[in-house]
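Examination of the molecular architecture
Each chain is listed here by its residues.
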Amino acid sequence: MKDLGSSLAALNAFLNGSAGILLFAGWLCVRAKNITWHRRFMASAFVVSIIFLISYLTRFYLSGAHRYPGSGGMKTLYLSILFTHTVLAATVPFLAIRTIYLALKNRISSHRKIAKVTLPIWMYVSVTGVVIYFMLYRWVKKFKSVSSVIKKLLLRKINYILVSYAKVFTPI
């Protein structure tokens, strides 16, 4: 089950990234006044996000919550990103459904107003979802090894300095 959970975590990052790309493409299309492709990209982003939600809930059911194994500044950064991601992610389904509903009802003025709120939040959630995956599953090992290398180098430097001072201040 743990392997499936890890695989689903990678799939979730892929789905989040894909949703972000689709949202960006949809935004570019609407800016270019290509409404047909705007609708296609936004509908695709919504479908990908639904698949993500199903996959995420399945992964959570199979392997539960995962704690960040690092410490210090990286853990603080991770928790800050996770907090904002989680709070905003809880709003995305409601905002997205309302935004799509208004578009389908051809209430374009209202659709545009709420889309100006929905899009940046949804994009942020999509991008930070990928960042959280990398911080939790990929980068933490590198950060740990980098910090251990830095610690070793600092200890060597401190040791060198102490030995040098000991030689200077040792009576002949």
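Because the structure is predicted, anything quoted here is derived from the model rather than measured. (Residues numbered from 1 in each chain as written. Predicted model: local features only at pLDDT ≥ 70, side-chain atom pairs only at ≥ 80, totals over all residues. Heavy atoms only, no water.)

**Looking at the confidence of the model for the chain**
Per-chain confidence: the chain averages 86 in pLDDT, with 84% of residues scoring 70 or above. By mean pLDDT, helix α5 (residues 108–169) is the weakest element of the chain at 79, and helix α4 (residues 92–104) is the strongest at 97. (pLDDT = per-residue confidence, 0-100. Helix = DSSP H or I, 4+ residues; strand = E, 2+ residues; numbered from the N terminus.)

**Focus on the nonpolar core**
In this structure, Leu23, Ala45, Val48, Val92, Ile121 and Trp122 are the most contacted members of the largest nonpolar core, which totals 17 residues. In this structure, Ala9, Tyr78, Ile132 and Leu136 belong to the second largest nonpolar core, which totals 11 residues. (Core = buried A, V, L, I, M, F, W, Y, C linked by side-chain atoms within 4.5 Å. Buried < 20%, exposed > 50% of the residue type's maximum accessible area, 1.4 Å probe, protein only.)

**Regarding unusual backbone geometry**
Even without being glycine, Lys33 reaches a positive phi, approximately 65°. Of note, Lys33 is situated in the loop between α1 (2–31) and α2 (35–63). Unlike most non-glycine residues, Asn106 shows phi in positive territory, near 60°. Note on placement: Asn106 falls in the loop between α4 and α5.

**Some details on α4**
With 13 residues, α4 should reach 18 Å at 1.5 Å per residue; the first-to-last C-alpha distance of 18 Å fits that figure. Looking at α4, one finds that the buried residues are Val92, Leu95, Ala96, Thr99 and Leu102. Burial along α4 is one-sided: seen end-on, the buried residues are contained in an arc of 135°. In α4, the exposed positions angled more than 90 degrees off the buried face are occupied by Phe94 and Leu104. The positive-phi residue at the C-terminal boundary of α4 is Asn106, with phi of around 60°. (Expected span 1.5 Å × (residues − 1). Arc of directions from axis to C-beta.)

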